[in-house]
Structure formats: C-alpha cells, structure tokens
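Residue-level structure breakdown
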Amino acid sequence: MKTQNKKQFNLIGHSSFVHFSCCLAFALIIIISGEASGQTPQSGIINPINTGHYFAPLYICLSQLDSFYAANLGTTPLTLKQIDIITQPWSKANQFVFDNGTQSLSINTFFDRGKRMWFHINFHPTDEAIDSAIIRVTWDSAGVRTLYSSNNLIGTGIVERETIEPSQQLHTAKTEDSLEMKINLSRDLDVSAGAMGMTFSINYSPSLLALDTSRLNEYDLTLSNALPPAFFTDSFGNQNILFTLKSQNPITELKPILTLHFKVIGFKDTTTSVTLSNPIFWGQNPQDTLYYFRTTANPANIQITAWEDSSANNLLSNIKIIANDNKQVVLISNNLEPHDLRIRIFSFLGAEVSSWQGTVAGYTRKVFTLPVAGFYFIAIQLEGKEYYFPRVID
C-alpha cells in the first residue's frame, strides 16, 4: 500500500510539472507574438526623450551656438534615426539650424538603455521678434515601430536703438556771434553692444556759418580719429564733413561725442540748420558694421538775426563776389558812401592766401588771383566786424 501511494504521489507531481511547463511556453509565445505584431513588449519600457532650448535674447544678424540632447530612458534598446527642426508657419526665416546649416540630421545610432547624445543647435535671428520651432527626434524600435519625441526651441531677436543729436536743438544768434554746439548720444549703450567706433556726417551752409576747423578734434576723451575728417561740398553748396571715430573700449556714454564751434556770418534775418546724418556703429574697424543698430539723427536749428547797422547791411548787399575760371575772385562794390574795408581770402583749412585793405566809394573793383582751384572763404571786415562768404574756385 505504501508503494502504491508513493507512485500515485509521483504521478500527481509529474502532472503538475507538465502543466506548468505548458503555461510557461504559452506565455513566451504571447511575448514573442506581441513583438512580431508591433505591440509594445510587456517585458520592457519604451521611453525616448529629447530636450529643447531657450536662447537668451540675441542681437539680430549674430549667431549663438548651444546644444540639446536625445536620450533613451526606457529599458528597450532603440535606434535614433533622424532629427528635424520644424519651423512654425508664422516664422519669417529658418532661424534655427544644425551644424551642417540645415534643419535635418541623419543619425542612425543605436541607443541602449540610458544612452544620451548631445547635438549642436544654432540660433541666427533675422528679425526683432520672438521665434519658436519644434525639434523632433525620430526613433526606431528594432525595425518594428517608429516613435517620436519632441521639444521646443525658443529665441528672441533684438536691436539696439540710438539717436545722435545736438544737446540744444534750437539756437538764436546774431551776425558775428560765436556758436558752440555739442553733439550727443540720446541714450547710453550697453557694453554688450560691442560698439568700438562710429561714423556720421554733419552738413551746414558755409554762407551762413563758418566752422572753426582748428577746434574740430574736440571729441569725448575716449574717442579719436580712426580716419581724418573728410570734407566735401554737396550740389547745393552746403559743406559736409564725415567723421570716423574710434574708441579703445566699447562705447557706452558719449556726452558729448564732439563739440563744434561756429561763427555766424549771415548778415540777413534767416533760419538755417546743422544736420546730422548716416550714423553707423561698427566693431573692430569701420568695415565691421553692426547691423543690429537702428539709428536716427536730429538736426540743430539756428535763427539768425542780422546785425542792425543799416549802412553795413546796405554796403554788403551791394557787393558782388564773382569767381571766374582763371582762378580769380572779383569783388565789385557800387556804393555812394565811402567805407573802409579789409578783404582777406582764406583756404578752407584757414590759411590766408590774399588780402587787401582800403576805402571803397562809388564803383570799386578788386581782382584776387588764387594759387589753386578749390574752396575758399572771402572775409570782408567792415567797422570792426568780419563777414565770410564761401566760394568754389574752378
């Protein structure tokens, strides 16, 4: 009886083992068939991710390089196939790119569990605005499933705004008055703007204002000439001066940029202006234009009141100054009353090239021959006051 019972026990144990083995085999078949049909395997976790990036505000036309990473945080091995930057429909340009200059990278790299890989991203803003894009990573699960992870890229393009202007925008002056004019920046610049120099022009009427060129270098202490001031005359006879100034350190505060010294020589009631134009900030040299600056310029207006001596006004109004093609200046006066005059002729840079002093009465004609063609001032001194008349001699 004991032997029989033992056999019966072994038979029951064998039957239980067979049943367990069949169940295990069935479970393995389910797992294998699940992988084959593209379903997520019950034995692993799939969790691919990638980061994005928020770029600090950046001046337009500059570039900033940074990075993001893609990682497999699951337990199932994956293959990173490709990374794409998807530009938003409202974006004006592709402002986010990879190292290869495009918005697509082919990777095809195996990622075991826990693997992480970094990639560069370049932000190049072209507009003063916030921009965003989606960075999408394409993953593959053993050739069975295609998976995606994504995140955001955000960047803001900024500009630097600046105005050059006179410290005083309205002046009143009389004939023979001296006029001091300070040219300033309207606001301080940030060091990060990187402005190491600036270029701008001034324009004025030399028949109404005489500029003291001997004091033309009264700049802010941090500035000096990158190039000497350049002089030229426009088609209206106005005088233009182009300044190209450099700084040893990034420009921040310039008050003033420079100081101009004029003498009022107009002998009629009138209004004139000193205009500022074409302000440009640059980096290491004048060719290194900083395109993220948005600049404007404001003029100085000058109300001129004529000297009140009517006899002097009458004399000056009856003097004709004629420049001929023989490098000559001819002065013709037709006045009834005698006046003592002193006439001097200067080059534009202030060198006296000819002079005469005497009494004029009735019809008087004086001829001055000049050494070379160019721009000259004719100075007429009458009763202790001197008036300047610009002329271009061919």
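Our focus in this paragraph is the overall build of the protein. Scanning the protein for helices and strands turns up two helices and 26 strands. By the burial criterion, 41% of the 394 residues in the protein qualify as buried. Taking the intrachain contacts of the protein between residues at least 6 apart in sequence as the baseline, contacts between residues at least 24 apart amount to 72%. Carbon and sulfur atoms make up 52% of the accessible area of the protein, which amounts to about 21100 Å² in all.

Let us now look at the pairing of strand β13 (residues 178–185). The side chains of a regular strand alternate, first on one face of the sheet and then on the other. Bridging between strand β11 (residues 160–166) and β13 involves three bridges; their strand directions are antiparallel. The residue of β13 that forms the bridge with P166 is I183. Taken together, the six bridges between β13 and strand β18 (residues 258–264) define a ladder with antiparallel strand orientation. Opposite E180, over in β18, you have H261 as the bridge partner.

Right, let's get into the pattern of salt bridges. The tally for this structure, following the rule as stated, stands at five salt bridges. Put simply, R187 and E160 hold a salt bridge, and the shortest N to O gap is 2.8 Å. With R187 in the loop between β13 and β14 (197–204) and E160 in strand β11, the pair connects residues that are 27 residues apart, well separated along the chain. Relative accessible area serves as the criterion here: at 7%, E160 is assigned to the buried category. For the salt bridge of K182 with E180, the shortest nitrogen-to-oxygen distance reads 3.8 Å. Judged by relative accessible area, which is 33%, K182 ranks as partly exposed.

Across the protein, pLDDT averages 83, with 85% of residues at or above 70. Low pLDDT, under 50, characterises residues 1–42; the stretch is placed with seven contacts to residues that sit more than four places away or in other chains.

Within the element layout of this structure, N240 appears in strand β17 (residues 239–247). For N240, a relative accessible area of 8% puts it in the buried group. Excluding anything up to four places from it in sequence, N240 contacts I202, N203, A230, F231, F232 and D234.

One pass over the full model with this rule turns up 13 aromatic pairs. A centroid spacing of 5.3 Å and a plane angle of 70 degrees characterise the contact between Y204 and F262, whose relative ring orientation is edge-to-face. Of the two residues, Y204 sits in strand β14 while F262 sits in strand β18, which places them 58 residues apart along the sequence. Each of the two residues, Y204 as well as F262, counts as buried. Pairing F281 with F293 gives two aromatic rings, centres 4.5 Å apart and planes at 25 degrees, and the pair type is stacked. With a gap of twelve residues between them, F281 in strand β19 (residues 270–282) and F293 in strand β20 (residues 293–297) connect regions that are remote in the sequence. For the pair F281 and F293, one class covers both residues: buried.

It is worth spelling out the sheet that holds strand β4 (residues 64–72) at this point. Spatially, four strands are ordered β1-β4-β8-β6 in an open sheet, and the strand pairing comes out antiparallel. What marks the edges here is a single partner per strand, and that holds for β1 (48–50) and β6 (96–97).

The six strands are arranged β12-β21-β19-β14-β17-β16 in an open sheet whose pairing can be described as mixed. Two strands in the sheet have a free side with no partner beyond their single neighbour: β12 (170–174) and β16 (223–233). Ignoring strand direction, the axes of neighbouring strands in this sheet form an average angle of 20 degrees. In this structure, β14 lies alongside β19, joined through six bridges in antiparallel fashion. Paired with G197 across the strands is W282, a residue of β19.

Inspection of the secondary structure puts Q82 in strand β5 (residues 78–87). On the basis of relative accessible area, Q82 is assigned to the partly exposed category, the value being 31%. The residues touching Q82, leaving out its near neighbours within four places in the chain, are S104, L105, I107, R136, V137 and T138. At 2.9 Å, the side chain of Q82 forms a polar contact with the side chain of D84.

Calculation notes
Residues numbered from 1 in each chain as written. Predicted model: local features only at pLDDT ≥ 70, side-chain atom pairs only at ≥ 80, totals over all residues. Heavy atoms only, no water. Helix = DSSP H or I, 4+ residues; strand = E, 2+ residues; numbered from the N terminus. Buried < 20%, exposed > 50% of the residue type's maximum accessible area, 1.4 Å probe, protein only. Contact = heavy atoms within 4.5 Å. Areas by Shrake-Rupley, 256 points an atom, 1.4 Å probe, with all protein chains shown as cover. Pairing = 2+ DSSP bridges. Salt bridge = Lys/Arg side-chain N within 4 Å of Asp/Glu carboxyl O. pLDDT = per-residue confidence, 0-100. Phe/Tyr/Trp six-rings, centres within 6.5 Å; stacked < 30°, edge-to-face > 60°. Axes fitted to C-alpha atoms, helices over the stretch in contact; angles between N-to-C directions. Polar contact = N/O pair within 3.5 Å; in protein donor to acceptor, adjacent residues only side chain to side chain.

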